[in-house]
Amino acid sequence: MSEKNYPEGGERVGVYICHCGTNIAKVVDVEDVATWAGEQPNVAVSREYKFMCSSLGQDLIEEDIKEKGLTKIVVASCSPHMHEKTFRTACERGGLNPFMFEMANIREHDSWTTDDEVAATLKAKALTNAAIERVVHHQPLEQLPVEINPNTLVVGGGIAGISAALELADGGHHVYLVEREPSIGGHMAQLDKTFPTLDCSACILTPKMVDVDQHPNITLLTWSAVEKVDGYLGNFTINVRKKARYVNEEHCTGCGICIEKCPFKVVDDIFEAGLGERKVIYRPFPQAVPKYPVIDKENCAYFLRGKCKACQIFCPTEPNSIDFEQEDEILTFDVGNIILATGFDLFDVKQIPQYGYGRLANVFTSLEFERMVNAAGPTDGKIVLRDMESSPKSVAIVHCVGSRDENYHSYCSKVCCMYSLKFAHLVHERIPDADVYNCYIDMRTPGKGYEEFYNRLLEEETHFIRGKVAEVTDAARTPEEEGKLIVQVEDTLIGRQRRVPVDMVILSPAMEAKPDSKEVSQLFKMGCDFDGFFVERHPKLDPVATMTEGVYIAGACQGPKDVPDSVAQGAATAARVAGLINLGTVMMEPVRATISQDDCSGCKICNNMCPYNAIIFHEDRKVSEVITALCQGCGTCVAACPSGVISGAHFTNDQLFSQIEGILWDVRPEKVPA
Amino acid sequence: MTKQFEPVIVGFLCNWCSYRAADLAGTARIHYAPNMRPIRVMCSGRVDPQFVLKALREGADGVMIAGCHPGECHYVNGNIKALRRFILLKAMLRQLGVEEERVQLVWASASEGIILAEKVDKMTKAVRALGPLNWNEKVIGGGNGHKVVVAAPVAEEV
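Residues numbered from 1 in each chain as written. Chains lettered and ligands numbered in written order. Predicted model: local features only at pLDDT ≥ 70, side-chain atom pairs only at ≥ 80, totals over all residues.

**Focus: the overall build of chain A**
Logical step 1: Counting its regular elements, chain A contains 17 helices and 35 strands.
Logical step 2: Referenced to the eigenvectors of the C-alpha coordinate spread, the extents of chain A come out at roughly 95 × 70 × 45 Å.
Logical step 3: Taking all 674 residues of chain A together, the buried fraction comes to 49%.
Logical step 4: A fraction of 69% describes how many contacts in chain A between residues 6 or more apart in sequence connect residues 24 or more apart. (Helix = DSSP H or I, 4+ residues; strand = E, 2+ residues; numbered from the N terminus. Buried ≥ 20, exposed ≤ 12 C-beta atoms within 10 Å, placed from the backbone. Contact = placed C-beta atoms within 7 Å.)

**A closer look at the nonpolar core**
Residues and elements named next belong to chain A.
Logical step 1: Core analysis: the largest hydrophobic core is formed by 238 residues, its most contacted members being Ala165, Leu340, Val487 and Val505.
Logical step 2: Residues within four places of Leu340 in sequence aside, it is in contact with Val155, Gly156, Phe524, Phe534, Val551, Tyr552, Ile553 and Cys557.
Logical step 3: Counting 16 residues, the second largest nonpolar core, distinct from the first, contains Trp223, Tyr246, Ile281 and Tyr292. (Core = buried A, V, L, I, M, F, W, Y, C linked by C-beta atoms within 7 Å.)

**Digging into the domain arrangement of chain A**
Logical step 1: Here chain A is partitioned into domain 1 (2-142), domain 2 (144-222 + 334-343 + 514-588), domain 3 (245-326), domain 4 (345-512) and domain 5 (593-648).
Logical step 2: Placing a centre on the C-alpha atoms of domain 4 of chain A and another on those of domain 5 of chain A gives a separation of 58 Å. (Domains from an automatic or database assignment.)

**What about the confidence of the model for chain B?**
Residue and element names in this part refer to chain B.
Logical step 1: With 88% of its residues at a pLDDT of at least 70, chain B reaches an overall mean of 88.
Logical step 2: Mean pLDDT values for the elements of chain B range from 82 in helix α5 (residues 135-140) up to 98 in strand β2 (residues 36-41).
Logical step 3: In this model, residues 145-155 is a region of pLDDT below 50 whose contacts with residues beyond four sequence positions or in other chains number nine contacts.
Logical step 4: The ipTM assigned to the predicted complex is 0.91, against a pTM of 0.79. (pLDDT = per-residue confidence, 0-100.)

**Thoughts on the pairing of strand β33 (residues 615-618) of chain A**
Residues and elements named next belong to chain A.
Logical step 1: Across four bridges, the pairing between β33 and strand β34 (residues 623-626) is antiparallel. The residue of β34 that forms the bridge with Ile615 is Val626.
Logical step 2: The antiparallel pairing of β33 with β34 creates a hairpin that spans four residues between the two strands, and Lys622 there sits at a positive phi of about 55°. (Pairing = 2+ DSSP bridges.)

**Examining the sheet that holds strand β7 (residues 152-155) of chain A**
Strand pairing within a sheet occurs via backbone hydrogen bonds; the two strands may be parallel or antiparallel.
Residues and elements named next belong to chain A.
Logical step 1: The five strands lie next to each other as β11-β8-β7-β19-β30, forming an open sheet whose pairing is parallel. Taken across any chain shown, the strands that pair with only one partner, and hence form the sheet edges, are β11 (218-221) and β30 (551-553). Averaged over all neighbouring strand pairs, the angle between strand axes comes to 20°, with direction disregarded.
Logical step 2: With four bridges joining them, β7 and strand β8 (residues 175-178) adopt parallel strand pairing. (Axes fitted to C-alpha atoms, helices over the stretch in contact; angles between N-to-C directions.)

**Thoughts on the sheet that holds strand β26 (residues 485-491) of chain A**
All names here are of chain A.
Logical step 1: A sheet is described by the order of its strands in space; here three strands give the open sequence β25-β26-β27, paired in antiparallel fashion. The open sheet has two edge strands with one neighbour each: β25 (469-473) and β27 (496-502). Strand-to-strand twist in this sheet, taken as the mean axis angle between neighbours without regard to direction, amounts to 20°.
Logical step 2: Bridging between β25 and β26 involves four bridges; their strand directions are antiparallel. When the sheet's bridge partners are listed, Val469 is paired in β26 with Val489.

**Observations regarding the environment of Glu167 of chain A**
Residues and elements named next belong to chain A.
Logical step 1: You can see Glu167 is positioned in helix α5 (residues 159-170).
Logical step 2: Overall, the presence of 21 C-beta atoms within 10 Å leaves Glu167 in the buried class.
Logical step 3: Measuring from C-alpha to C-alpha, the distance between Glu167 and Gly570 comes to 8.3 Å, with 403 residues separating the pair along the chain.
Logical step 4: Dropping the residues within four chain positions of it, Glu167 is found in contact with Ala571 and Ala574.

**Section: α5 of chain A**
All names here are of chain A.
Logical step 1: Its 12 residues give α5 an end-to-end C-alpha distance of 16 Å, which sits within 8% of 16 Å, the value for a rise of 1.5 Å per residue.
Logical step 2: Across the 12 residues of α5, 11 count as buried, placing the element largely inside the fold.
Logical step 3: On its buried face, α5 is in contact with β7, β8, α6 (201-214), β11, β19 (337-340) and α14 (563-583).
Logical step 4: Looking one or two residues past α5, Gly172 carries a phi angle of roughly 90°, positive in sign. (Expected span 1.5 Å × (residues − 1).)

Here it is in structure tokens:
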């Protein structure tokens, strides 16, 4: 340890070099760094210690501040993402403002990345010195208190959104649940059975949907979309467009006579996946929540030709519930937090023409098959070929269509193996003598009861072929192949090409992000990866928060996920939000920009730089000003200001220039020309 | 044998992606060149071109700016602003005779520890091959053969 005395009033920096057991000390000569640091200007105390994050290590800082009158603290140890808070708190206990602290990352960025002891020690000195020179310029900062509005917005009424909304509502907090489709329920409402327990999907989902409908704490807005999001954690203002249903929700009893009497039918591309039809005034499915139907304006005879009005004529309510004059409404409300559960789409299998979907009639998608086996679906649960009559005697299920494929999505969609097994089981159950082939690349069944389900299918004598399907064709080469679909696949376990003639092929497509997920991520100002999935704050330790404070994600909008995972994430987001609501006020990092009102030239360059519209221009005084509450502290405006009069707290030009000088301590030229 | 020249590279890493990528590289014990010395900024959009010039003038042989991939910026589009400034800065450095490889803008997401490490290795190799920058002699002193008349840079459409 080294100690020096400095005249009163000057900075007295305490430097602490952590060994982190041997994590740092094995490669970095910590004694040398500590001794060297002790000789640097402004440094009053320099020590090395085995574990700085231990309570004894923290006590060292605390005592030195009190006894030796330290004004600034530098700890050279791990990443600030690990222990910055720990040491800031230690500073505070010692009586210093927590922001009088700087951390040098000599573990993740140094000792763990090299075996070269000389280079690592040199780098450790550079990083420590950068922190010393920077910390001298640190200013005391106060965290910003932000009040949390207790209302929450949940976007997406699938199982993840429903879980989140119910958890919060049951906890006594008000929720606005916004769903784009006419009913909540999401993809889960379309499914027949859920793996591996084979629970009837609707039977376990609909009670939750009813709970949402009847919950006094939930404002349900279906057939609606969020149009605008302003504000920040605790204080968001939301604009929602509630599309015209042409059905008055106050009068409608949901009797369904209008649907019965409507003379026009169209193919239902959404809920029935194109396999069934629906009326032009419709409810997507019998248990839809809310119960009110919606008129499909594009196909309605009245809107197209000005004639019909059958629904209105037969509507038994008084006053009549059908309202052709209804218009979209814009609703505005305030919330404190936002939970996004916007779900997924299925990969468009037509992108892989060699699988023949759309060209070969008896190639089906998984969602079509789900609707087909659903007792409430278009075939009443009967497994039939495209002629809607004959039963297949053999079925091939193709895994990994568009997933685990560099040409489309390189990721694994996680649920396809399991639902493909479920399909095989359902075929066995409904057509006991049918042959079922599962063509898979690898069988992935991690999950409670999942592997057991796979074993069950092995016992049910499903044929498993390990290999990626090359082609589905109707070009027969042998008499047995005539009139069949032939699945061309390399069976990698026997090392041979196989041609499997079947009556029906089911493609299991990748789960992919919604096509508009990029726009949604921009609307809510949070991140979205290359594949369009929303990015979590930390993949392991913060999986439902996003980089934007107050915005959380749940379910398949974050990545492919099955029902239990989506439910768990929905509940997790609710827990996070409920925690904030209970606190009432949270403290935010004071890393914010300010514009010197005396020096601003009013050039407005910064105005357009700000991604949060946090900079306003005062026409009267011709200067710009940052609204602190909106500023997120990125510093883009600071870098852009041609006059250099914007200051980014805790990342000021002084601090960063000093850090640059400090980090280059060993290579700086003797005399820097002006 | 003469000792191999080891360049010093200053890295400006954004707090959300590249700094975390560097953390991850360390956690995963990925070994890479110790020549890059990281400075944390909240966003690559915070990197004032003056920081780069300052680092070069103070003895760095190269500067790496690392941010989130386009479209993944924590602050919506700060990395795009960094890119715009970078293009202008490069035009200026070219006129000063500073080789292209010495100042690089790279993207690395928080999960791309390996990619960041590879980029540091690659850049270190390139700058090592170029030799020391010697800003004072080469750039200010005109030692690179360029005339030290710095014309006003032509505004580029970016």
